[in-house]
Amino acid sequence: MSGNSWLYILAATLVTYLVRVLPLTLIRKPIKNRFIKSFLYYVPYVTLSVMTFPAIVHATQKPVTGVVALAIGIVAAFFGMGLFPVACICCASVFGLELFLV
């Protein structure tokens, strides 16, 4: 590895360490602010969504089929279907759309 690679690894390690350690050292009392509590509550969901939705759209041959499958999955989940049936419906819809539209 070159010298720059070690510098990048060190910088990434330092940033990751600081992000995890600083909240533990700086915040000693329970958080009472409703805005901060709600912000921290939704951070994991937003992060997962930001990583998942582009992958859904770009995992197919045509992005349109990914968007349509996402919409079908949202409707199926809205009507109370579980994770496995929704995943199967989305997969079947992508398969059918790409089979007939390509």
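See above for the structure.
Criteria and thresholds
Residues numbered from 1 in each chain as written. Predicted model: local features only at pLDDT ≥ 70, side-chain atom pairs only at ≥ 80, totals over all residues. Heavy atoms only, no water. Helix = DSSP H or I, 4+ residues; strand = E, 2+ residues; numbered from the N terminus. Expected span 1.5 Å × (residues − 1). Bend = angle between axes of the 7 residues up to and from the residue. Polar contact = N/O pair within 3.5 Å; in protein donor to acceptor, adjacent residues only side chain to side chain. Axes fitted to C-alpha atoms, helices over the stretch in contact; angles between N-to-C directions. Parallel < 35°, antiparallel > 145°, perpendicular 65-115°, else oblique. Contact = heavy atoms within 4.5 Å.

Draft legend 1. The arrangement of helix H2 (residues 34-58) in detail. For H2, spanning 25 residues, the distance from its first C-alpha to its last is 37 Å, which sits close to the expected 36 Å at 1.5 Å a residue. The largest bend along H2 measures about 35° and falls at Val 43, with the proline Pro 44 one to four residues further on. Among the residues of H2, the N-terminal cap falls to Asn 33, whose side-chain oxygen and the backbone nitrogen of Phe 35 are separated by 2.9 Å.

Draft legend 2. Spotlight on the packing of H2 against helix H3 (residues 63-78). With their axes 6 Å apart at the nearest point, H2 and H3 run at an angle of 125° to one another. The orientation of H2 with respect to H3, classified from their angle, is oblique. Between H2 and H3, the residues in contact are Phe 53, Ile 56 and Val 57 and Pro 63, Gly 66, Val 67 and Leu 70, respectively.

Draft legend 3. Quick look at the side chain of Thr 65. Inspection of the secondary structure puts Thr 65 in helix H3. Of note is the side chain of Thr 65, whose polar atom sits 2.7 Å from the backbone oxygen of Lys 62. A distance of 2.9 Å separates the side chain of Thr 65 from the side chain of Glu 98, its partner in a polar contact. Apart from the residues lying within four places of it in its own chain, the contact partners of Thr 65 are Thr 60, Val 94, Leu 97 and Glu 98.

Nothing here speaks to function; it is all geometry.
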